[in-house]
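Summary of structural features
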Amino acid sequence: QVQLVESGGGLVQAGGSLRLSCAASGRTFSTYPMGWFRQAPGKEREFVAAISRSGGSTYYADSVKGRFTISRDNDKNTVYLQMNSLKPEDTAAYYCAAGSPYTPSSRVVDGRAIYWGQGTQVTVSL
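Residues numbered from 1 in each chain as written. Predicted model: local features only at pLDDT ≥ 70, side-chain atom pairs only at ≥ 80, totals over all residues. Heavy atoms only, no water.

1. A closer look at the packing of aromatic side chains
Here the distance between the centres and the angle between the planes together describe a pair of aromatic rings. Tallying each qualifying case throughout the model produces 3 aromatic pairs. A connected cluster of aromatic rings, assembled from ring pairs, spans F37, F47 and W116. Over the ring of F37 we find R45, and its NZ or CZ is 5.9 Å from the ring centre. Over the ring of F29 we find R72, and its NZ or CZ is 4.5 Å from the ring centre. (Phe/Tyr/Trp six-rings, centres within 6.5 Å; stacked < 30°, edge-to-face > 60°. Lys NZ or Arg CZ within 6 Å of the ring centre and 35° of its normal.)

Structure, rendered in structure tokens:
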């Protein structure tokens, strides 16, 4: 069992930046591909970014490519989402997710995560 706890959300003006963090429990963090998803009110949850177990490969939704950066620190059991040039349409609850151990991050991209955090709210104002 892995517990994921997100932090770093908040209110920011358009054009600003935020960095989300997701801390994972357990001693096998490096075996899990990780990702970030978001869900805006009245909309379905959507993929934002994913990262491989080693951190060597990353994947992004077209809507955030070039603005968001996912990274991980396996020594700290933490995955990050650096969000720059934020837009009002980025407003959503952001969720951290972990895929099955030793599986490719493509499974996270497809939404087949097995562990989810409780979410952190990001609100971007004009």
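Now that the structure has been shown, we can carry on.
2. Quick notes on the nonpolar core
Within the largest apolar cluster, 37 residues are counted, with the highest numbers of intra-cluster contacts made by L4, M34, W36, V79, L81, M83 and Y94. Mapped onto this core, the elements with two or more residues apiece are strand 3 (18–24), strand 4 (34–39), strand 5 (46–51), strand 7 (68–73), strand 8 (78–83), strand 9 (92–98) and strand 11 (120–125). If we ignore the near neighbours within four places in the chain, the residues touching Y94 are E6, L20, W36, F37, R38, V48, F68, L81, M83, G119, T120 and V122. (Core = buried A, V, L, I, M, F, W, Y, C linked by side-chain atoms within 4.5 Å. Buried < 20%, exposed > 50% of the residue type's maximum accessible area, 1.4 Å probe, protein only. Helix = DSSP H or I, 4+ residues; strand = E, 2+ residues; numbered from the N terminus. Contact = heavy atoms within 4.5 Å.)

3. Quick word on unusual backbone geometry
A positive phi angle, close to 55°, is found at N77, a residue other than glycine. Among the structural elements, N77 can be located in the loop between strand 7 and strand 8. One non-glycine residue, S85, lies in positive phi territory at about 50°. Positionally, S85 belongs in the loop between strand 8 and strand 9. With relative accessibility at 41%, the residue S85 sits in the partly exposed group.

4. Quick word on the pattern of salt bridges
Within the structure shown, the criterion is met by 5 salt bridges. The salt bridge partner of R38 is E46, with a shortest N-O separation of 2.6 Å. The partner of R112 in a salt bridge is D110, with the nearest N and O atoms 3.1 Å apart. Each member of the salt-bridge network shares a partner with another, and the members are R38, E46, R67 and D90. (Salt bridge = Lys/Arg side-chain N within 4 Å of Asp/Glu carboxyl O.)

5. Concerning the sheet that holds strand 8
If you trace the 4 strands from one edge of the open sheet to the other, you get 1-3-8-7, paired in antiparallel fashion. Looking at strand neighbours, the two that pair on one side only are strand 1 (4–7) and strand 7, the edges of this open sheet. The sheet shows a mean angle of 15° between the axes of neighbouring strands, direction not considered. Of the strand pairs in this sheet, strand 3 and strand 8 are connected by 6 bridges, and their pairing is antiparallel. Its bridge partner lying in strand 8, S21 is registered against Y80. (Pairing = 2+ DSSP bridges. Axes fitted to C-alpha atoms, helices over the stretch in contact; angles between N-to-C directions.)

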